[in-house]
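Listed below, chain by chain, are the residues.
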Amino acid sequence: MADLRFWFDPVCPFAWMTSKWVRQVSAQREYAVEWRFISLRLLNAHVDYDTHFPPEYEAGHTAGLRLLRVAAHVRDQHGNEGVARFYEACGQHVFERGPEGDRAVRGTAGFVAPVLADAGLPGGLADALEDGGSDAQIQAETDEALGLAGKDVGTPILHFQPPEGVAFFGPVISRLPADDEAVALWDHVVGLASFPGFAELKRSLRERPQLPAFGVQPGEVGQQEDWHGGSRRQKR
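Residues numbered from 1 in each chain as written. Predicted model: local features only at pLDDT ≥ 70, side-chain atom pairs only at ≥ 80, totals over all residues. Heavy atoms only, no water.

**Quick notes on the overall build of the protein chain**
Helix and strand counts for the protein chain come out as 7 helices and 6 strands. Reading the helices (α) and strands (β) of the protein chain from amino to carboxyl end gives β-α-β-α-α-α-α-α-β-β-α-β-β. For the protein chain, the spread of C-alpha atoms along the three principal axes comes to 50 × 45 × 35 Å. By residue count, 52% of the 236 residues in the protein chain fall in the buried class. Nonlocal contacts in the protein chain, meaning residues at least 24 apart in sequence, comprise 72% of its contacts between residues at least 6 apart. Carbon and sulfur atoms provide 50% of the accessible area of the protein chain, an area that totals close to 11,300 Å². In the protein chain, which carries 23 positive and 33 negative side-chain charges, the distance between the mean positions of the two groups comes to 5 Å. (Helix = DSSP H or I, 4+ residues; strand = E, 2+ residues; numbered from the N terminus. Buried < 20%, exposed > 50% of the residue type's maximum accessible area, 1.4 Å probe, protein only. Contact = heavy atoms within 4.5 Å. Areas by Shrake-Rupley, 256 points an atom, 1.4 Å probe, with all protein chains shown as cover. Lys, Arg positive; Asp, Glu negative; His and termini not counted. Charge placed at Lys NZ, Arg CZ, Asp CG, Glu CD.)

**Remarks on the packing of aromatic side chains**
Under the defined criterion, the tally for this structure stands at 13 aromatic pairs. The interplanar angle of 35° and the centroid separation of 5.0 Å between the aromatic rings of Tyr 49 and Phe 53 together place this pair among those described as tilted. Here Tyr 49 and Phe 53 have matching classes, each one buried. Taken together through their ring pairs, the aromatic side chains of Phe 6, Phe 8, Trp 16, Trp 35, Phe 37 and Tyr 87 make up a single cluster. Across the ring face of Phe 37, the terminal group of Arg 75 is positioned such that the distance to the ring centre comes to 4.1 Å. (Phe/Tyr/Trp six-rings, centres within 6.5 Å; stacked < 30°, edge-to-face > 60°. Lys NZ or Arg CZ within 6 Å of the ring centre and 35° of its normal.)

**As for the sheet that holds strand β3 (residues 157–160)**
Strands sit in the order β2-β1-β3-β4 across an open sheet of 4 strands; the sheet is mixed. Looking at which strands have only one partner, the edges of the open sheet turn out to be β2 (33–37) and β4 (167–169). When the angles between neighbouring strand axes are averaged without regard to direction, this sheet yields 20°. As paired elements, strand β1 (residues 4–8) and β3 share 4 bridges and run antiparallel to each other. Looking at β3, one finds that Trp 7 is bridged to Ile 157. Of the strands in this sheet, β1, β2, β3 and β4 are in contact with helix α6 (residues 135–149), which crosses β2 at around 110°. (Pairing = 2+ DSSP bridges. Axes fitted to C-alpha atoms, helices over the stretch in contact; angles between N-to-C directions.)

**Some words on the packing of helix α4 (residues 57–95) against helix α5 (residues 109–118)**
Contact geometry for α4 and α5: axes closest at 8 Å, N-to-C directions at 105°. Compared by their axis directions, α4 and α5 come out roughly perpendicular. The residues of α5 that touch α4, namely those facing Leu 67, Val 70, Phe 86, Ala 89, Cys 90, His 93 and Val 94, are Phe 111, Val 112, Pro 114, Val 115, Leu 116 and Asp 118. (Parallel < 35°, antiparallel > 145°, perpendicular 65-115°, else oblique.)

**Here's the deal with the pairing of β3**
Of the two faces of β3, both are covered, the one formed by Ile 157 and His 159 as well as the one formed by Leu 158 and Phe 160. Direction of pairing for β3 relative to β4: antiparallel, over a ladder of 3 bridges. The residue of β4 that forms the bridge with His 159 is Ala 167. Between the antiparallel neighbours β3 and β4 lie 6 residues, among them Gln 161 with a positive phi of about 55°.

Take a look at the structure:
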């Protein structure tokens, strides 16, 4: 039985930041983490991308869905531990290796081949990028996450001590805490979310995440931006 379920889209920078923190916490608390899928592309299927998001978001979210198809096949063949390795390798390639390039490239075989190699997984899994047969499963897990946290959310979704425990969107963090701060932050977040009457604590102003893909190196503080509606607000 998992201590924590974590729903992720591999192209979401804030899900990646939170996942790094959760790995810190799980190592110290010996939590078992179950990695589950939530697709930003499926979540926004009803949205007109041209009017709601910056131009590159549709290609980026589509690439995320394609990577989740690979993740679904990884789970079928290599279980939750394989998904953990795949997501770790994806995050390293997407966010930790310098400025982000064309987001659509992330959904290609050329991108996923070295990801699979770094994760110690068979290269043939790249064929799953084109396999829409997994989309129903990804949609079901996306719907499961929304059923726990509500519809006006993004990624990640966390469910602590399932099935009865507390579930919530986030937390959205832009900096990775030190190891000795990680558990304290976790206890604060779970304590707040566990209060039955608590619903939301939010601000759309965020620092750019402390990731090389965003030009922010470890130890630096990213420029503050307005991520209204889940994306960096476009200047009109």
